[in-house]
Amino acid sequence: MTELEHDDDLVSKSELKRAAEAQQRLGEQLVTLSEGKLAKIPLDEELLDAIHLAQRIRNTREGYRRQLQLIGKMMRHRDTAPIEQALAELEDAHNEQSALFHQLEKYRDSILARGDEAIQQFIDSYPNADRQKLRQFYRQANKQAQQGKSPAAARELFKYLREVVTL
């Protein structure tokens, strides 16, 4: 191997540091996850135990900082591609749920504002929806709004829309 070929294999100290910091951030991201989400990520027992410990000692500033560093160090010795993939899938699922929630809010607001026209549009998109039930929620919501009552019917309408869309 010539000296030039050897130089191409070297990684700068800055690159190593950036890679280590990326692994540290990945570890910190894992520590913030709930137990249910952690179960969906391919982690070995040693790393999972370290994450659980970090979650338990979150209130001890220095101990928590050192535990995060340890997790970052452990991450550098593992193939993180499957972990990053699982985190991306969790993020995608969250984004889909968020988009669905916003779409349902738009449907609800549209039905409350435009009545039968919006109800028909919703039924065109979701034929399994009950027109009578939607009209009933619409009338109840308008009546509650006129009387200055809390929007219980609007909340019930939202629940029904979510039920129809997720069937």
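The present account deals with the structure reproduced in this document.

Definitions and limits used
Residues numbered from 1 in each chain as written. Predicted model: local features only at pLDDT ≥ 70, side-chain atom pairs only at ≥ 80, totals over all residues. Heavy atoms only, no water. Helix = DSSP H or I, 4+ residues; strand = E, 2+ residues; numbered from the N terminus. Expected span 1.5 Å × (residues − 1). Buried < 20%, exposed > 50% of the residue type's maximum accessible area, 1.4 Å probe, protein only. Phe/Tyr/Trp six-rings, centres within 6.5 Å; stacked < 30°, edge-to-face > 60°. Salt bridge = Lys/Arg side-chain N within 4 Å of Asp/Glu carboxyl O.

Attention now moves to helix α6 (residues 81-114). Over its 34 residues, α6 runs 49 Å from end to end, which matches the ideal 50 Å to within 8%, given 1.5 Å per residue. Within α6, the full set of buried residues consists of Ile83, Ala86, Leu87, Leu90, Leu104, Tyr107, Arg108, Ser110 and Ile111. Glycine 115 lies just past α6 and shows a positive phi near 70°.

For the rest of this paragraph, the subject is the packing of aromatic side chains. This model, assessed by the stated rule, comprises five aromatic pairs. A centroid spacing of 5.1 Å and a plane angle of 35° characterise the contact between phenylalanine 122 and tyrosine 126, whose relative ring orientation is tilted. With centroids separated by 6.0 Å and ring planes inclined at 45°, the aromatic side chains of phenylalanine 137 and tyrosine 160 adopt a geometry described as tilted. Separated by 23 residues along the polypeptide, phenylalanine 137 in helix α8 (residues 131-147) and tyrosine 160 in helix α9 (residues 152-166) bring together distant segments of the chain. Here the aromatic cluster, defined as three or more aromatic residues joined through ring pairs, consists of Tyr107, Phe122 and Tyr126.

Under the definition given, this model contains eight salt bridges. Here glutamate 62 and arginine 65 are joined by a salt bridge, their closest N and O atoms 2.4 Å apart. Of this pair, glutamate 62 and arginine 65 both sit in helix α5 (residues 61-76), three residues apart, which is roughly one turn of that helix. By relative accessible area, which is 38% here, arginine 65 ends up partly exposed. Here arginine 114 ties to glutamate 117 by a salt bridge, and the two come within 3.4 Å at their closest N and O atoms. Judged by its relative accessible area of 35%, arginine 114 is partly exposed. Residues joined in a network through salt bridges with shared partners are Asp44, Glu46 and Arg78.

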